[in-house]
Amino acid sequence: MAALGNLTGRRWFSALALGVTLLKCLLIPTYHSTDFEVHRNWLAITHSLPISQWYYEETSEWTLDYPPFFAWFEYVLSHVAKYFDQEMLNTHNLNYSSSRTLLFQRFSVIFTDALFVYAVHECCKWIDGKKASKELTEKPKFILSVLLLWNFGLLIVDHIHFQYNGFLFGLMLLSIARLFQKRHLEGAFLFAVLLHFKHIYLYVAPAYGVYLLRSYCFTANKPDGSIRRNSFSFVRFISLGLIVCLVSALSLGPFLALNQLPQVFSRLFPFKRGLCHAYWAPNFWALYNALDKVLSIIGLQLKLLDPKKIPKASMTSGLVQQFQHAVLPSVTPLATLICTLIAILPSIFCLWFKPQGPRGFLRCLILCALSSFMFGWHVHEKAILLAVLPMSLLSVGKAGDASIFLILTTTGHYSLFPLLFTAPELPIKILLMLLFTIYSISSLKTLFRKEKPLFNWMETSYLLGLGPLEVCCEFIFPFTSWKLKYPFIPLLLTSVYCAVGITYAWFKLYISVLTDPLVLKTKKQ
């Protein structure tokens, strides 16, 4: 970092981007998950089969379950992939992984990350220089660039575990940047495109919808901050509607013409999967499941429960089918939807009635992402990045937001450790997370050194507790007799411990949003 201090202008940003790209190249030989085969199979499906069979093909268990734009993305990649290894494009070559296939898929992720790099650069333009130091490494723009470009979670999920989240988050960050620049139609277009690449971004759609309606369709505010009803612009509203409709038509139109929309949606929303993934995402339902297990054990010990009536399906068995809780009421998809809507409503209310400008929108977006993560159905642990990356933008603005960011990021990143369960990756994930966490804490402490400490004693103790937890799960438990009888314990402990920290960060951010004073500023556009 000291060498970077001598760079000026755009050179330091280019150096950061180049440095992380070289690191990604070094990670090419590392372990990759079944997602590697998932995307190879999608390359084969889109290349070898007509569009009418894309969402019906099931030779492999890894069927196509992303929206059409991502399918077309795979189709484009497949026409480059054929020059590397034609065999990877055969739908019957299950679990095919030649050295050329590995190189192509790894480099395709690295190459498409260029959009993420550009989006980070655009977001940095929005950061003001009020806290700017003479030292480059202490400037908010520099810190934000490192927090985003070198994000630990994104590195291990995309470049070890294997996925294409980089360019997708690039689309999201770029749409946020355009909204900050008051280029609302561009921002709306980019987000609409993003939704048709990966539907998990529906989590934050309420924030986009309300903000665009509030700040773009209504063109003026009263002195008390409320909207002027007569300032509503039908032209702007119709413009937004046309963008959404045109993007949706381009994406879904071919499948509508083929009368395949029900099949597409059945792939996108597979509610037959269970409440939780094989490894519990660290959210409210992890705590709920853990409580159910504790109560069932107590009930059996006290002979209050009949062992024959305890459901055989185990939440920690690695299965993801629907199951019944032993003591607490079982949860349905409808129940999770209702809980999620209730959780996001206060943030939507604040965005409408307590406008805070772009920063208020960003906070609402993060709360929508976190609330959906906390209460959604069959949430994957990787979805925490949907809150972590946007929170990075807030972290360099206020000390309170920096504190929430550090708790959320450190806990959320540690919750991703079970994704990399092979021995060679153990030192890599520990070292990378330590480096990112130490930098995040030290840089933000330096940025806000004139303000109160970022953590209280309770928060500090909790974060330090991640160390002993890792030692127990990785270095002690494997040598105990419990490993064979209770192999799920490390996952359960990690999930529940991280769920406490993420819940705390969610609650703390909500308190901050609800108690922030109203920004009174008459809007005239």
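Residues numbered from 1 in each chain as written. Predicted model: local features only at pLDDT ≥ 70, side-chain atom pairs only at ≥ 80, totals over all residues. Heavy atoms only, no water.

**What to know about the overall build of the protein chain**
Looking only at helices and strands, the protein chain has 22 helices and 0 strands in total. Taken over C-alpha atoms, the radius of gyration comes to 24 Å for the protein chain, in line with the 24 Å a tight globule of 525 residues would show. Taking the principal axes of its C-alpha atoms as reference, the protein chain extends roughly 65 × 60 × 50 Å. Residues classed as buried in the protein chain amount to 54% of the 525 residues present. (Helix = DSSP H or I, 4+ residues; strand = E, 2+ residues; numbered from the N terminus. Rg over C-alpha atoms; globule rule 2.2 N^0.38 Å. Buried < 20%, exposed > 50% of the residue type's maximum accessible area, 1.4 Å probe, protein only.)

**Structural notes on the packing of aromatic side chains**
A ring pair, where both rings are aromatic, is described by two values, the distance of the centres and the angle of the planes. The full count for this structure, using the stated rule, is 41 aromatic pairs. The interplanar angle of 40° and the centroid separation of 4.6 Å between the aromatic rings of Phe349 and Phe353 together place this pair among those described as tilted. Placement of both Phe349 and Phe353 in helix 14 (residues 333–353) is noted, with a separation of 4 residues, approximately one turn of the helix. Put simply, the rings of Phe36, Trp42, Tyr66, Phe69, Phe70, Phe73, Phe162, Tyr164, Phe167 and Phe197 touch in pairs and so form one group of aromatic residues. A cation over an aromatic ring shows up here: Arg236 above the ring of Tyr216, its NZ or CZ 4.6 Å from the ring centre. Positioned above the aromatic ring of Phe488, the side-chain terminus of Lys293 is 5.7 Å from the ring centre. (Phe/Tyr/Trp six-rings, centres within 6.5 Å; stacked < 30°, edge-to-face > 60°. Lys NZ or Arg CZ within 6 Å of the ring centre and 35° of its normal.)

**Topic: a nonpolar patch on the surface**
On the surface, a nonpolar cluster with roughly 620 Å² of combined accessible area is contributed by Leu291, Val294, Leu295, Ile298, Leu302, Leu304 and Val327. As for its placement among the helices and strands, Leu304 is situated in the loop between helix 13 (284–301) and helix 14. (Patch = residues over 30% accessible without salt bridge, like charges linked within 9 Å, V, L, I, M, F, W, Y side chains within 5 Å. Areas by Shrake-Rupley, 256 points an atom, 1.4 Å probe, with all protein chains shown as cover. Salt bridge = Lys/Arg side-chain N within 4 Å of Asp/Glu carboxyl O.)

**Considering unusual backbone geometry**
The residue Asn259 is not glycine, and still its phi comes out positive at about 60°. Counting through the fold element by element, Asn259 comes out in the loop between helix 11 (234–257) and helix 12 (261–268). Given a relative accessible area of 65%, Asn259 falls into the exposed group. In the Ramachandran plot, His378 falls in the positive-phi region, its phi being about 50° despite a non-glycine side chain. Assignment of secondary structure puts His378 in the loop between helix 15 (357–375) and helix 16 (385–395).

**A word on the packing of helix 6 (residues 140–149) against helix 16**
At a minimum axis separation of 9 Å, helix 6 and helix 16 run at an interaxial angle of 170°. With respect to helix 16, the axis of helix 6 lies roughly antiparallel. Within the contact between the two elements, helix 6 uses Leu144, Leu147 and Leu148 and helix 16 uses Leu389, Ser392, Leu393 and Ser395. When the residues that make up the contact of helix 6 with helix 16 are grouped by side-chain class, the tally is 5 nonpolar, 2 polar and no charged. (Axes fitted to C-alpha atoms, helices over the stretch in contact; angles between N-to-C directions. Parallel < 35°, antiparallel > 145°, perpendicular 65-115°, else oblique. Contact = heavy atoms within 4.5 Å. Nonpolar A, V, L, I, M, F, W, Y, C, P; charged D, E, K, R; others polar.)

**Focus: the environment of Ile51**
With respect to the helices and strands, the residue Ile51 is situated in the loop between helix 2 (34–48) and helix 3 (68–81). As for Ile51 and Leu389, which are separated by 338 residues in sequence, their C-alpha atoms are 34 Å apart. Residues in contact with Ile51, not counting those within four places in the same chain, are Trp72, Pro254, Phe255, Leu258 and Gln260.

**Notes on the environment of Ala188**
Turning to its location among the elements, Ala188 is positioned in helix 9 (residues 184–195). Given the relative accessible area of 9%, Ala188 is considered buried. Sequence separation of Ala188 and Leu212 is 24 residues, and the distance between their C-alpha atoms is 8.0 Å. With residues up to four places along the chain from it excluded, the contact list for Ala188 reads Leu212, Leu240 and Ile243.

**Re helix 17 (residues 399–414)**
Here helix 17 contains 16 residues, and its C-alpha end-to-end distance of 23 Å stays within 8% of the 22 Å for a straight helix at 1.5 Å per residue. Burial of helix 17 is extensive: 15 of the 16 residues sit out of reach of the surface. (Expected span 1.5 Å × (residues − 1).)

**Regarding the pattern of salt bridges**
Inspection of the entire model under this criterion finds 13 salt bridges. Lys24 is the salt-bridge partner of Asp113, the closest N and O atoms lying 2.8 Å from each other. Of this pair, Asp113 sits in the loop between helix 4 (99–112) and helix 5 (114–124) while Lys24 sits in helix 1 (residues 11–26); the two residues are 89 residues apart in sequence, bridging distant segments of the chain. Summarising the burial analysis for this pair, Asp113 and Lys24 share the class buried. Note that Glu37 is salt-bridged to Arg40, the shortest N-O span being 2.9 Å. Of this pair, Glu37 and Arg40 are both found in helix 2, 3 residues apart, which corresponds to roughly one turn of the helix. Taking relative accessible area as the criterion, Glu37 reaches 6% and is therefore assigned buried. The buried category is assigned to Arg40, whose relative accessible area is 0%. Here the residues in one salt-bridge network are Glu122, Lys125, Arg178, Arg183 and Glu186, joined through shared partners.

**Remarks on the environment of Glu381**
Looking at where Glu381 falls in the secondary structure, it is placed in the loop between helix 15 and helix 16. In sequence terms Glu381 and Leu328 are 53 residues apart; their C-alpha atoms lie 23 Å from each other.

**Describing the nonpolar core**
Where a protein is soluble and globular, its nonpolar side chains tend to be buried together. Residues Ile176, Phe361 and Leu444 are the most contacted members of the largest nonpolar core, which totals 162 residues. The biggest single contributor to this core is helix 15, with 12 residues. For Leu444, the residues in contact, after removing those within four places along its chain, are Ile143, Ser395, Val396, Ala402, Phe405, Leu406 and Leu454. (Core = buried A, V, L, I, M, F, W, Y, C linked by side-chain atoms within 4.5 Å.)

**A look at helix 1**
In this model helix 1 runs 23 Å from its N-terminal to its C-terminal C-alpha over 16 residues, within 8% of the 22 Å that 1.5 Å per residue would give. Regarding helix 1, the residues found buried are Trp12, Phe13, Leu16, Ala17, Val20, Leu23 and Lys24. On an axial view of helix 1, the arc spanned by its buried residues comes to 140°, and they lie on one face. Facing away from the buried side of helix 1, by more than 90 degrees, are the exposed residues Arg11, Leu18, Leu22 and Leu26. Next to the buried residues of helix 1 lie helix 4, helix 5, helix 6, helix 7 (152–162) and helix 18 (426–447). (Arc of directions from axis to C-beta.)

**Thoughts on the side chain of Ser395**
Topologically, Ser395 is positioned in helix 16. There is a polar contact of 2.7 Å between the side chain of Ser395 and the backbone oxygen of Ser392. For Ser395, the residues in contact, after removing those within four places along its chain, are Leu147, Asp401, Ala402, Phe405, Leu444 and Phe448. (Polar contact = N/O pair within 3.5 Å; in protein donor to acceptor, adjacent residues only side chain to side chain.)

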